[in-house]
Amino acid sequence: DQQVKQNSPSLSVQEGRISILNCDYTNSMFDYFLWYKKYPAEGPTFLISISSIKDKNEDGRFTVFLNKSAKHLSLHIVPSQPGDSAVYFCAASLQYSSNTGKLIFGQGTTLQVKP
Amino acid sequence: NAGVTQTPKFRILKIGQSMTLQCAQDMNHNYMYWYRQDPGMGLKLIYYSVGAGITDKGEVPNGYNVSRSTTEDFPLRLELAAPSQTSVYFCASSYTRQGPSNEQFFGPGTRLTVL
């Protein structure tokens, strides 16, 4: 029962172009979504988040879009840089209805940005 | 601040052995979590704690135990190690369950192999 899915295991883009990473979820009660970035041999680090009351959140080169009707979110990286090469995880939570802070993670997408 | 620290970084266990994975945070976070990440998979929640003296099971708790006697420490105990417990283990912490950000801070991970 995979509640958060990242259907693309990998993505390769050219430096300077846009990277689009996708994530789908099944539980309509999720009210907060996060993206994490993970380099090899390191723990995940927080990248950007979005509340379910919004449809877009932007932070520098990173923008997250949320389509609640489609239960779909995406992370756009513009322009992509070689240092962005990493594994990206999306995660969802019941932020405002649960007292646990638990996150449900997708399987991850490995992004490779070629110079 | 050291953030979230985990020891050891690597460990090889024989089937049936036991060990404790250590996790500590110096950010005065109330919430702490243990995840495991198997190859090609996302992070699965093993156990979590919402404060000292309070712990609860996550998605995959079988074969593990935790305790939370202080705010800072959240050790994970493996009893009778099995090959299925070969994985990378991440500890994480967060300050608040609600609000605009439920960012979890992750440690660098412990790579465990059971032979």
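As a starting point, this report considers the structure included with it. (Residues numbered from 1 in each chain as written. Chains lettered and ligands numbered in written order. Predicted model: local features only at pLDDT ≥ 70, side-chain atom pairs only at ≥ 80, totals over all residues. Heavy atoms only, no water.)

1. Structural notes on the environment of Asn30(B)
Residue and element names in this part refer to chain B.
Working step 1: Take Asn30: it is sitting in the loop between β3 (19-25) and β4 (31-37).
Working step 2: By relative accessible area, which is 35% here, Asn30 ends up partly exposed.
Working step 3: Placed 73 residues apart in sequence, Asn30 and Glu103 show a C-alpha to C-alpha distance of 13 Å.
Working step 4: Sequence-distant contacts of Asn30, that is, excluding residues within four places in its chain, are made with Ser49, Val50, Gly51, Arg68, Ser94 and Tyr95. (Helix = DSSP H or I, 4+ residues; strand = E, 2+ residues; numbered from the N terminus. Buried < 20%, exposed > 50% of the residue type's maximum accessible area, 1.4 Å probe, protein only. Contact = heavy atoms within 4.5 Å.)

2. Here we look at the sheet that holds strand β3 (residues 19-25) of chain A
All names here are of chain A.
Working step 1: Strand order in the open sheet formed by five strands is β1-β3-β8-β7-β6, and the pairing between neighbours is antiparallel. Looking at the sheet topology across the chains shown, the edges are occupied by β1 (4-5) and β6 (56-59).
Working step 2: Judged from the six bridges that link them, β3 and strand β8 (residues 72-77) form a sheet pairing that is antiparallel. Considered in β8, the bridge of Asn22 is made with Ser74. (Pairing = 2+ DSSP bridges.)

3. Notes on the nonpolar core
Working step 1: Grouped together as the largest cluster of nonpolar side chains are 24 residues, with contacts concentrated most on Val4(A), Phe33(A), Trp35(A), Leu73(A), Leu75(A) and Tyr88(A).
Working step 2: Breaking this core down by element, the ones donating at least two residues are β3, β4 (32-38), β5 (45-51), β7 (62-67), β8, β9 (86-93) and β11 (109-114) of chain A.
Working step 3: Take this core: its biggest share by element is four residues, from β9(A).
Working step 4: Those residues in contact with Val4(A) that lie beyond four places of it in its chain are Cys23(A), Asp24(A), Tyr25(A), Phe30(A), Cys90(A), Ala92(A), Ile104(A), Phe105(A), Gly106(A) and Gln107(A).
Working step 5: By size, the runner-up hydrophobic cluster in this structure holds 19 residues, among which are Trp34(B), Ile46(B), Leu76(B) and Ala81(B). (Core = buried A, V, L, I, M, F, W, Y, C linked by side-chain atoms within 4.5 Å.)

4. Focus on the side chain of Arg68(B)
Residue and element names in this part refer to chain B.
Working step 1: Within the fold, Arg68 resides in the loop between β7 (64-66) and β8 (76-78).
Working step 2: For the buried Arg68, no salt bridge is present, and the opposite-charge side chain at shortest range is Glu72, 7.5 Å distant.
Working step 3: In this structure the side chain of Arg68 is engaged in a polar contact, spanning 2.9 Å, whose partner is the backbone oxygen of Asn30.
Working step 4: Non-local contacts of Arg68, meaning those with residues more than four positions away in its chain, are made with Gln25, His29, Asn30, Met32, Ser49, Val50, Gly51, Ala52, Gly53, Thr55, Asp73 and Phe74. (Lys, Arg positive; Asp, Glu negative; His and termini not counted. Salt bridge = Lys/Arg side-chain N within 4 Å of Asp/Glu carboxyl O. Polar contact = N/O pair within 3.5 Å; in protein donor to acceptor, adjacent residues only side chain to side chain.)

5. With respect to the interface of chain A and chain B
Working step 1: Counting residues at the interface gives 24 residues for chain A, matched by 25 residues for chain B.
Working step 2: Both sides together, the interface formed by chain A and chain B hides about 1900 Å², and carbon and sulfur atoms give 54% of it.
Working step 3: In this structure, the connection of chain A to chain B is made through zero salt bridges.
Working step 4: Between the two partners, chain A and chain B, sit one residue pair in polar contact (both at pLDDT 80 or more).
Working step 5: Those elements that provide at least two residues to the side of chain A that touches chain B are β4, β5 and β10 (104-105) of chain A. (Buried area = accessible area lost by both parts, 1.4 Å probe.)

6. Notes on the state of the cysteines
Residue and element names in this part refer to chain B.
Working step 1: Under the criterion given, the structure shown has two disulfides over all chains.
Working step 2: The disulfide bridge from Cys23 ends at Cys91, spanning 1.9 Å between sulfur atoms. Where Cys23 bonds to Cys91 through sulfur, the torsion about that S-S bond is close to -70°, and the disulfide is left-handed. You can see Cys23 sitting in strand β3 and its partner Cys91 sitting in strand β9 (residues 87-94), a full 68 residues away along the chain. Each member of the pair, Cys23 as well as Cys91, is classed as buried. (Disulfide = S-S within 2.5 Å.)

Function-wise, these values are silent; they only describe arrangement.
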